[in-house]
Amino acid sequence: MKTITQVFSADHLQCNQLFAEIEEKAYKNDWQAVSSEFAHFRDMMERHFNIEEQTLFPAIEERTGQTSGPTAVMKMEHQQMRQVFDNMHKAVEQQDNEEYLGLSETLLILMQQHNAKEEQILYPMGDQILGTDVADIIAKQQAG
Amino acid sequence: MNTASLSLEQTPPFSVPFRFFFTAPLFGILASLLLLYDGPAILSHHSYPSMYPNTIALTHLLTLGFITMTMFGAILQLLPVLAGSLIPFPVLTSTILHILLTLGTLSLVGYFISHQIPILAVGITLLSLAFLFFIGIMAYCLIRVKGQSPTIHAMYFALAALVITVILGITASLFFMGIRFLPFYNFYNLVGLHFTWGLVGWVSLLIIGVAYQVIPMFHITPQYPPFATRYFVPTLFIALLIWTLLVYIYQPLLLLISAMFIVIGLSFFAILTLYLHRKRLRKLPDITLKFWQMGLIVLLISVPIWLVSSVETWLIIDLANFAYKPTYSISSGLFFIMGFILPIIQGMLYKIVPFLVWLHLQNQQLSQANIKIPNMKQVIPDKLAKKQFWLYVAAFILLIISLWLPQFIYLASLGFLGSFCFLTFNLFKALQVYKITSQKLRESCTK
């Protein structure tokens, strides 16, 4: 049986791959490709955030009876990333390669330390405490 | 599982890691000045380098003043964030640690230059307190850690190696005060053990553990294979333990075999990491990557030199009448510290410092969206970091040349001096960006 850790971490990996492809195109000033792929990347990230915020995190919060704990921090970091997306979007519109690459460097570290905390602490915790709900959450993630 | 105390947002205040990061390059400057002052003497002092005071002073300016300094800062930053384990009273803790380590290092180095025993006593007391305190804090956090990872796992071993290094260091310093412990009948064995436990044990094991986390993160590479994350660090640690015992039992062949394990382990780590770098998805030029590549390539060169030096020290010294030319131990130290550890730490600083500046500003921003937070590459521009990197590489190459042509040491030390000044400038530029933006945010908040 699949675990939350496996399924959600695989999603991170896909986002990382796309992130790297777009960054390379921005470096080469291929703005046409960047603009369409960035929109796709942002959608992928949003979808991932939404499933976590609407399905996984509430389930964890319900089990632990704690809404101000780790899930709150993860949501705050989602907000931080959304802000960076906004700025990246502007850089894409202005075809500003220096600004885009500076922001993508920032997003990378923000995103990766966020993913590490989820993959090493939060997801395993979800697998451990959610019991039978795990299958439901995974089904929703994959139906997305 | 107790989740009530689990919080993932535990970024310590700005000053906690930064006081260490900003002090480190200043010790690099001091080390370069000492090298410049001493010139070829440090390299040409072939008889008993571990007795030559300026060599010891130089080594400790780098190992305590630069390496341990940044590692204290990085651990105080990393443990709460990656391990969900909070450091008690972070600002007070870091202030005390920083003062003890800075003054302790200066006093220890001061002794080797002035030869005043009371200064040594002060230095050893301050350093012992710093390490005792740090080891206590790190152990406290590691015991309460939430979630296990290969990085945390490596930290246990690195911490144990640090304990051993500190005990050996204190014992060595007591030698200078005329207090000799029986098991350490040979001062050179003791120094060799202290050197190896510090650099191969504490520092390298920590670097390996951190690599498991950051190499895939920074460059989007595949993860380290499980056999590596499971066995590398414990194997190295056990090999070091066996090697240490064999130094005393004096079994040359077994000694060589256990040293080979250490060499193979470290080389394998370097090759595997270089391989993962090649497989990275993020192909853009990256200064942290360049520093890591330099460090790993030099590591590959320096381990065989260490092997020769370790065997040379144990075999030749004990065979009494041999002419002892410890060029290898000097070279292995130079390669290991200047070529492997220092580049990797500098590469890490170029990621950690801009990110933390950005993160702290972002956390202050709240709703004042009208003030733009500089992105990471605006905190320290790539151009400046790149120039500093190439200056460092040039200085290192000059240092290698000076092993054969001692007069080149002056150029090498000027190169290092320039490079450490440049690093200081880059880090203080980041601090300035932080202060200016932070000020703007505060002003807009009060408006």
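Calculation notes
Residues numbered from 1 in each chain as written. Chains lettered and ligands numbered in written order. Predicted model: local features only at pLDDT ≥ 70, side-chain atom pairs only at ≥ 80, totals over all residues. Heavy atoms only, no water. Helix = DSSP H or I, 4+ residues; strand = E, 2+ residues; numbered from the N terminus. Rg over C-alpha atoms; globule rule 2.2 N^0.38 Å. Areas by Shrake-Rupley, 256 points an atom, 1.4 Å probe, with all protein chains shown as cover. Core = buried A, V, L, I, M, F, W, Y, C linked by side-chain atoms within 4.5 Å. Buried < 20%, exposed > 50% of the residue type's maximum accessible area, 1.4 Å probe, protein only. Contact = heavy atoms within 4.5 Å. pLDDT = per-residue confidence, 0-100. Axes fitted to C-alpha atoms, helices over the stretch in contact; angles between N-to-C directions. Parallel < 35°, antiparallel > 145°, perpendicular 65-115°, else oblique. Left-handed = near helix turned anticlockwise from the far one by under 90°. Buried area = accessible area lost by both parts, 1.4 Å probe. Salt bridge = Lys/Arg side-chain N within 4 Å of Asp/Glu carboxyl O. Expected span 1.5 Å × (residues − 1).

## What to know about the overall build of chain A
Now for step 1: The helix and strand tally for chain A stands at 5 helices and 0 strands.
Now for step 2: What you see in chain A, going N to C, is helices and strands ordered as α-α-α-α-α.
Now for step 3: Taking 15 Å as the expected radius of gyration for a compact globule of 144 residues, we find that chain A reaches 16 Å, a close match to that expectation.
Now for step 4: Its C-alpha atoms give chain A principal-axis dimensions of roughly 50 × 30 × 20 Å.
Now for step 5: About 6,200 Å² of surface is accessible on chain A, with carbon and sulfur atoms providing 47% of the total.

## Considerations on the nonpolar core
Now for step 1: Of all hydrophobic cores here, the largest spans 184 residues; its most connected members are A:Phe41, A:Tyr100, B:Trp202, B:Trp292 and B:Met338.
Now for step 2: When residues of this core are assigned to their parent elements, the largest contribution, 21 residues, is made by helix H11 (residues 327-365) of chain B.
Now for step 3: Apart from residues lying up to four places away in sequence, B:Trp202 is in contact with B:Thr68, B:Met71, B:Phe134, B:Met138, B:Ala158, B:Ala161, B:Leu162, B:Thr165 and B:Trp197.
Now for step 4: Counting residues in each nonpolar core, the second largest holds 17 residues, with A:Val7, A:Ile51, A:Ile60 and A:Ile137 among its members.

## Things to note about the side chain of B:Thr105
Residue and element names in this part refer to chain B.
Now for step 1: Structurally, Thr105 is set in helix H4 (residues 90-114).
Now for step 2: Since its relative accessible area comes to 0%, Thr105 is described here as buried.
Now for step 3: With near-sequence residues (within four places) excluded, Thr105 lies in contact with Phe27, His60, Leu64, Gly65 and Leu127.

## Quick word on the side chain of B:His277
Residue and element names in this part refer to chain B.
Now for step 1: In this structure, His277 sits in helix H9 (residues 252-278).
Now for step 2: The exposure class of His277 is buried, given its relative accessible area of 0%.
Now for step 3: Apart from the residues lying within four places of it in its own chain, the contact partners of His277 are Ile215, His219, Thr221, Leu289, Trp292, Gln293 and Leu296.

## Focus on the confidence of the model for chain B
Residues and elements named next belong to chain B.
Now for step 1: When pLDDT is averaged along chain B, the result is 87, and 88% of the positions lie at 70 or above.
Now for step 2: Confidence, expressed as mean pLDDT per element, reaches its minimum in chain B at helix H2 (residues 41-44) with 74 and its maximum at helix H1 (residues 15-38) with 96.
Now for step 3: Note on residues 1-8: pLDDT is under 50 here. Beyond four places in sequence and across chains, it has 21 contacts.
Now for step 4: Across residues 317-326, where pLDDT falls below 50, the model places 25 contacts with residues more than four positions away in sequence or in other chains.
Now for step 5: At the level of chain-chain contacts, confidence expressed as ipTM amounts to 0.89, with global pTM at 0.91.

## Notes on the packing of helix H8 (residues 226-249) of chain B against H9(B)
Residues and elements named next belong to chain B.
Now for step 1: Axis separation between H8 and H9 bottoms out at 9 Å; the angle between their running directions is 155°. It follows that H8 is roughly antiparallel to H9 by the angle criterion. Taken as a pair, H8 and H9 cross one another with a handedness that is left-handed. Only Leu254, Leu255, Ser258, Ala259, Phe261, Ile262, Gly265, Leu266, Phe268, Phe269 and Leu272 of H9 make contact with H8, whose side of the interface consists of Phe227, Ala228, Phe232, Thr235, Leu236, Ala239, Leu240, Ile242, Trp243, Leu246 and Val247.

## Examining the interface of chain B and chain A
Now for step 1: The interface of chain B with chain A comprises 37 residues on the first partner and 35 residues on the second.
Now for step 2: For the pair chain B and chain A, the summed buried area comes to about 3,200 Å², and 66% of that belongs to carbon and sulfur atoms.
Now for step 3: For the interface between chain B and chain A, the tally reads 4 salt bridges.
Now for step 4: Across the salt bridge formed by A:Glu23 and B:Arg282, the nearest N and O atoms sit 2.7 Å from each other.

## Comments concerning unusual backbone geometry
Now for step 1: In this model, A:Asn29 sits at a positive phi of 60°, which is unusual for a non-glycine residue.
Now for step 2: Looking at where A:Asn29 falls in the secondary structure, it is placed in the loop between helix H1 (4-27) and helix H2 (31-64).
Now for step 3: For B:Ile220, which is not glycine, the phi dihedral falls at a positive 50°.
Now for step 4: With respect to the secondary-structure elements, B:Ile220 resides in the loop between helix H7 (187-219) and H8.

## Describing H1(B)
Given 3.6 residues per helical turn, the α-helix brings residues three or four places apart onto the same face.
Residue and element names in this part refer to chain B.
Now for step 1: The first and last C-alpha atoms of H1 sit 35 Å apart over 24 residues, in line with the 34 Å expected at 1.5 Å per residue.
Now for step 2: Counting buried residues along H1, 17 of its 24 residues qualify, which places the element largely inside the surrounding structure.
Now for step 3: Just beyond H1, the residue with positive phi is Gly39, at close to 60°.

## What to know about the pattern of salt bridges
Now for step 1: Within the structure shown, the criterion is met by 15 salt bridges over all chains.
Now for step 2: Its salt-bridge partner being B:Arg282, residue A:Glu105 comes within 3.0 Å of it at the nearest N-O pair. A residue pair is termed interchain when its members come from two chains, as with A:Glu105 in helix H4 (residues 97-129) and B:Arg282 in the loop between H9 and helix H10 (287-318).
Now for step 3: One salt bridge in this structure joins B:Lys377 and B:Asp382, with 3.2 Å as the shortest N-O distance.
Now for step 4: Of the residues examined, B:Lys377 reaches a relative accessible area of 21% and is grouped as partly exposed.
Now for step 5: What you see here is one network of salt bridges that share partners, running through A:Glu23, A:Glu105, B:Arg282, B:Asp286 and B:Lys351.

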